[in-house]
Amino acid sequence: MKDGKTMDAIEKRARELLSERGVTLHDIADLVYYLQKNYHKNLKIEDCYENVDRVLSKREVQNAVITGIELDKLAEKKQIEEPLLSTLLNDEGLYGVDEIVALSIVNVYGSIGFTNYGYIDKQKPGILSKINEKHPGVCNTFLDDIVGAIAAAASSRLAHRAANAE
Ligand code: MG
């Protein structure tokens, strides 16, 4: 991972926001491992971590992370007007803009990311089930999709690189 000095303000903020919301890169690396373990012999968690880190160094990804998490935080502070406030706080099933923001992350490493994202969004392993627990006053409407999307994009990156290596 890059140190704070070589990271610009947007990247630094994106990484800070994830950790502020209780998500570590290790949590996301575990999701990548979950998605990829059946496809790569000798898959190491370090490789998963490395791919997550590289995904987070992309500007499109950083922007999606910041946009989504800021909206979750504004909703918690009730600084968004109705009816959007209730939509976000209740994580309304038909809203769908959270998924669209996530797709801007999934897109970064090509279309196999879509399959990974859809799968992990249904299964909700590891940190995703924790993020999806309902607690009063907590809004993770965007966060769950963002985390799933980073894992899906990192899985695609890993898969592409493995294919190139063969
Ligand atoms: Mg969501």
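Structure shown above.
What counts and what doesn't
- Residues numbered from 1 in each chain as written.
- Predicted model: local features only at pLDDT ≥ 70, side-chain atom pairs only at ≥ 80, totals over all residues.
- Heavy atoms only, no water.
- Helix = DSSP H or I, 4+ residues; strand = E, 2+ residues; numbered from the N terminus.
- Rg over C-alpha atoms; globule rule 2.2 N^0.38 Å.
- Contact = heavy atoms within 4.5 Å.
- Areas by Shrake-Rupley, 256 points an atom, 1.4 Å probe, with all protein chains shown as cover.
- Lys, Arg positive; Asp, Glu negative; His and termini not counted.
- Charge placed at Lys NZ, Arg CZ, Asp CG, Glu CD.
- 1 Å grid on protein atoms, 1.4 Å probe; cavity = no way out; pocket = protein on both sides within 12 Å on 5 of 7 lines; lining within 4 Å.
- Points joined across faces, edges and corners; volume = space filled by probe spheres on them.
- Nonpolar A, V, L, I, M, F, W, Y, C, P; charged D, E, K, R; others polar.
- Donors = N, O, S within 2.8 Å, 3.2 Å for Na, K, Ca; no water.
- Buried < 20%, exposed > 50% of the residue type's maximum accessible area, 1.4 Å probe, protein only.
- Core = buried A, V, L, I, M, F, W, Y, C linked by side-chain atoms within 4.5 Å.
- Phe/Tyr/Trp six-rings, centres within 6.5 Å; stacked < 30°, edge-to-face > 60°.

1. Thoughts on the overall build of the chain
Of the regular secondary structure elements, the chain holds nine helices and zero strands. Its C-alpha atoms give the chain a radius of gyration of 16 Å, near enough to 15 Å, the size a compact globule of 166 residues would have. Referenced to the eigenvectors of the C-alpha coordinate spread, the extents of the chain come out at roughly 55 × 40 × 25 Å. Counting only contacts in the chain whose residues sit at least 6 apart along the sequence, the fraction spanning at least 24 positions is 74%. Carbon and sulfur atoms make up 53% of the accessible area of the chain, which totals about 8800 Å². Positive and negative side-chain charges of the chain, numbering 21 and 26 respectively, have mean locations separated by a distance of 5 Å.

2. Brief notes about empty space enclosed by the protein
With the rule as written, the count across this model stands at one cavity of 30 Å³ or more. Roughly 40 Å³ of internal volume is contained in the largest cavity. Tyr-117, Ile-120, Asp-121, Lys-124, Leu-128, Asn-132, Asp-144 and Gly-148 together form the lining of the largest cavity. At the level of secondary structure, the elements contributing two or more residues to the lining of the largest cavity comprise helix H7 (112-123) and helix H9 (143-165). Ranked by the residues each element gives to the lining of the largest cavity, the list is headed by H7, at three residues. Grouping the constituent residues of the lining of the largest cavity by class yields three nonpolar, two polar and three charged.

3. Quick word on the coordination of the magnesium ion
Coordination sphere of the magnesium ion, protein contribution only: Asp-98 (OD), Thr-141 (O), Asp-144 (OD) and Asp-145 (OD), at 2.0 to 2.5 Å. Motif for the magnesium ion, donor spacing along one chain: D-x42-T-x2-D-D. Of this pair, Asp-98 sits in helix H6 (residues 97-106) while Thr-141 is found in the loop between helix H8 (127-131) and H9, placing the two residues 43 residues apart along the sequence. The exposure class assigned to Asp-98 is buried, which follows from its relative accessible area of 4%.

4. A few points about the nonpolar core
Judged by nonpolar contacts, the single largest core of 46 residues is most densely connected at Leu-18, Val-52, Leu-56, Val-65, Ile-105, Val-147 and Ile-150. A per-element tally of this core places H9 first, with 10 residues. Sequence-distant contacts of Ile-105, that is, excluding residues within four places in its chain, are made with Val-61, Ala-64, Val-65, Ile-146, Ala-149, Ile-150 and Ala-153.

5. Some remarks on the packing of aromatic side chains
Summed over the entire model, instances satisfying the criterion amount to two aromatic pairs. Relative to Tyr-119, the ring of Tyr-34 lies with its centre 6.3 Å away and its plane at 20°, an arrangement referred to as stacked. With Tyr-34 in helix H2 (residues 25-36) and Tyr-119 in helix H7, this pair connects stretches of sequence that are 85 residues apart. Pairing Tyr-95 with Phe-142 gives two aromatic rings, centres 6.2 Å apart and planes at 85°, and the pair type is edge-to-face. Residue Tyr-95 is found in the loop between helix H5 (84-89) and H6, and its partner Phe-142 is found in the loop between H8 and H9; the two are separated by 47 residues along the sequence. When its relative accessible area of 22% is taken as the criterion, Tyr-95 is described as partly exposed.

6. Digging into the environment of Val-106
Looking at where Val-106 falls in the secondary structure, it is placed in helix H6. Along the backbone, Val-106 and Ile-28 are 78 residues apart, and their C-alpha atoms lie at a distance of 14 Å. Those residues in contact with Val-106 that sit more than four places away from it in its chain are Gly-113, Phe-114, Tyr-117, Ala-149 and Ala-152.

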